Amino acid sequence: MNRYKQIWRELIRGAVEEESGKKLDPADVIIEIPPRAELGDLAFPMFPYAPHLKTSPKDIARRVAERLRRNDSAASAGIETRGPYLNIHLDRLSVTSDVIAEILKSVELYGRGESLKGQRIVLEFSCPNTNKPLHLGHLRNDALGMSIERILSSLGAQVLKVNLINDRGVHICKSMVAYQHFGDGITPEELKQKGDHLVGDFYVRFAEWAKENPNAEELARQMLKSWEQEDPKVRELWERMNRWAIEGIEETYKKTGVRFDKIYLESQTYLLGRKIVEAGLEKGVFYKESDASVWIDLSAEKLDKKVLLRSDGTSLYLTQDLGTAVQRYQDWPFERMIYIVGNEQRYHFQVLFKVLELLGFHWAENLYHLAYGMVNLPEGKMKSREGTVVDADELIEDLERLAAKETFEKDRQAEAGDLRLTAEKIALGALNYYLLQPSPLKDMIFDPKESLSFSGSTGPYLQYTGARISSMLRKFNERKLEFQGGVFKPELLTLPDEWLIVKQMASYPESVFQAARELNPSIVTAALFELAQTFSHYYHDNPVLHNEDPDLVVSRITLTQALRQVLANGMDLIGVPFLDRM
RNA sequence: GCCCUAGUAGCUCAGCAGGAUAGAGCAACGGUUUCCUAAACCGUAGGUCGGACGUUCGAGUCGUCUCUGGGGCACCA
């Protein structure tokens, strides 16, 4: 669609220039899509030119239209004025055949581009703690990370997905202390429990215990100290429990299709920042308080004062993130680094980026915090203390069970083939779509009931549309002889819905481009939902295979084939598996 | 107290660098299956876009103020 927009932008610009005798910047030509299809395919409001031409927008529209009608390159289209608007009806036949031909030629490359070609982008996401299993918040984070990676890559960027596992600190020691006291050497194998859940249970156990035993917190602090002094017994326990947690988390990643190119462990990076802070101290960027703690004063930037090193010389979250950033740039010099982290950490990243800038790292300006919103429940916030945190594994299991049940109830199990595999894909599609549909920056409410629904604007709706199309194409191939001699004739695709489908398919690459620009996969979910909706409406009313004229059958099948391709390409970007059958 | 965010239909969300009569989905009610998968399709109902002022030919969209919700301002991460 962009192609046609640019062509017409130029034509209109030329005509307005001739009319006014003044130069006009192409960016000043505003292009819109008319609110209703019957008004046209592109719309140009004439208001902005009124001051130059000293006449009414309505009059300008009339005069520009006159001029365009005399222009050969504009002649094939319909030019119409409607008050102050100049509306263009594109040449349906040529657009239809061009768009379909392009899709069928490009196949899975349709919608991909080169606007980010060669750009090296580090994408950090997930970042779990090893003291508990993943929850719903991580699932949103992961869905965003995976989808944004695909979107950026599809436009030619080299994206490095990195995870920073938070495997040290006093909170990790808490599960360890509880395990020492109550664990009795139990293992996940013996309990038949995922390791991350086992560790998480001891973390909860610690919190309960600490309520009655004021000594507990002190024990955790002591354990952290022993850990830092590399006490072999503590290290052994730490390694064992971390392994359980990480193996469990990795199992969840496997289920949800989450993968990383590089994993950083906080236990290996937390010392890195100190050198940088010391260097900054020498440069005079930081200063030392009388108690030996190191600070930076950012009050000029409205960011307040901030501690970089504790008085006992140990590092903090910020210290460590400084080190990690520098390390990553050394590992793989990037053009951009994007942190997908909750919006409650906005301030932290503002400070982090500012400090890096003041330290003179030129790449600091290429750091970006994608501050996604919190996931809340209909009753309010998720609170671990009240046990309202939605566990990732449980949710996925529920979705799978329900998808399998649904398949059974509709008596589709034979068609679906491997029931378990299909149910898994439906569950994953439902989950990813649900989490990616709202804009990332906004908080969202997770309604368990709604998330388990497979109808309406959902992943399974896209999958269902795809499966029906696939089934239709199979039938076409089985009955090929009937339609022998049928030829694709775009001029037979005259229905309003067919034209709408063509335009929506033509706009798809722009949606991907915009999603990449805004780091917002919801633009892709919306575009696909509209496309699927238009198609569902279309084929409900209009038979594709059941037509006398083989040319019409082939023409509609060709359109359908193109649509299937666009749908599949888009679903891939948002982590909704395409299903040939369901 | 200071800073950052959001407020659109009963509920969940869109609304693309201000533009034509504000859109979906869910829920509600009513309809469609000898017909390519009813996880679908169609229809009805539902809104003074939190409020006020301002900028503009034109504001859900921009600015200021205000109300309400969320988040942040730790030698936690």
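All of these numbers come straight from a predicted model, not from anything done at the bench. (Residues numbered from 1 in each chain as written. Chains lettered and ligands numbered in written order. Predicted model: local features only at pLDDT ≥ 70, side-chain atom pairs only at ≥ 80, totals over all residues. Heavy atoms only, no water.)

Go over the protein's contact with RNA strand B, please, and point to the residues and values.
Taken together, 63 residues lie near RNA strand B, and Y85, D291, R310, Y464 and Y539 sit nearest. Each atom of RNA strand B within 4 Å of the protein was classed as base or backbone; sugar and phosphate made up 61%. Between RNA strand B and Y317, the relevant distance is 3.0 Å, taken from a phosphate oxygen to a main-chain nitrogen or oxygen of the residue. Contact between RNA strand B and S439: a phosphate oxygen at 2.7 Å from a main-chain N or O atom of the residue. Elements represented by at least two residues in the surface near RNA strand B include exactly β3 (85–89), β9 (304–309), α14 (346–358), α15 (392–409), β13 (444–445), α19 (459–478), α20 (496–518) and α21 (522–541). If you tally residues by element for the surface near RNA strand B, the top one is α19, at seven residues. Counted by class, the surface near RNA strand B contains 26 nonpolar, 18 polar and 19 charged residues. (Near = heavy atom within 4 Å. Polar contact = N/O pair within 3.5 Å; in protein donor to acceptor, adjacent residues only side chain to side chain. Helix = DSSP H or I, 4+ residues; strand = E, 2+ residues; numbered from the N terminus. Nonpolar A, V, L, I, M, F, W, Y, C, P; charged D, E, K, R; others polar.)

Give a detailed account of the sheet that holds strand β11 (residues 367–372), specifying residues and quantitative values.
Taken together, the five strands give an open sheet; going across it, the order is β6-β5-β4-β10-β11, and neighbouring strands pair in parallel fashion. In this open sheet, the two strands that pair with only one neighbour each are β6 (262–265) and β11. Direction aside, the axes of adjacent strands within the sheet are offset by 25 degrees on average. As paired strands, strand β4 (residues 120–124) and strand β10 (residues 336–342) are joined by four bridges and run parallel to one another. (Pairing = 2+ DSSP bridges. Axes fitted to C-alpha atoms, helices over the stretch in contact; angles between N-to-C directions.)

Go over the nonpolar core with me, naming the residues and quoting the values.
W8, F44, L68, L152 and M505 are the most contacted members of the largest nonpolar core, which totals 122 residues. Counting residues per element, this core draws most heavily on helix α22 (residues 550–573), which supplies 10 residues. If near-sequence neighbours (up to four positions away) are discounted, F44 is found in contact with W8, R9, I12, V29, I30, I31, P84, Y85, L86, N87 and I88. The next biggest cluster of nonpolar side chains, apart from the first, holds 33 residues, and it includes L164, L322, F334 and A364. (Core = buried A, V, L, I, M, F, W, Y, C linked by side-chain atoms within 4.5 Å. Buried < 20%, exposed > 50% of the residue type's maximum accessible area, 1.4 Å probe, protein only. Contact = heavy atoms within 4.5 Å.)

Lay out the environment of E518 in plain terms, naming residues and giving numbers.
Among the structural elements, E518 can be located in helix α20. As for E518 and S439, which are separated by 79 residues in sequence, their C-alpha atoms are 9.8 Å apart.

How would you explain the sheet that holds β9 if you had to name every residue and give the values?
Taken in spatial order, the three strands of this open sheet run β7-β8-β9, and their pairing is antiparallel. The sheet is open, and its two borders are formed by β7 (287–288) and β9, each paired with just one other strand. Pairing geometry for β7 and strand β8 (residues 294–298), over two bridges, is antiparallel. Paired with K288 across the two strands is V294, which belongs to β8. In this fold helix α12 (residues 272–283) packs onto β7, β8 and β9, with an angle of close to 125 degrees to the strand it touches most, β9.

Hey, could you go over the pattern of salt bridges for me, with residue numbers and the actual values?
For the structure shown, the criterion picks out 36 salt bridges. Measuring nitrogen to oxygen at the nearest pair gives 3.7 Å for the salt bridge that ties K174 to E217. Highlighted residues: K174 in helix α6 (residues 170–183) and E217 in helix α9 (residues 215–228), separated in sequence by 43 residues. Judged by its relative accessible area of 33%, E217 falls in the partly exposed class. Ionic pairing is found between R556 and E498, a salt bridge with its closest N-O pair at 3.2 Å. Placement of the pair is R556 in helix α22 and E498 in helix α20, with a sequence separation of 58 residues. Across this residue pair, the class does not change: R556 and E498 are buried. Overlapping salt bridges bring together E18, E19, D59, R62, R63 and R67 as one network. (Salt bridge = Lys/Arg side-chain N within 4 Å of Asp/Glu carboxyl O.)

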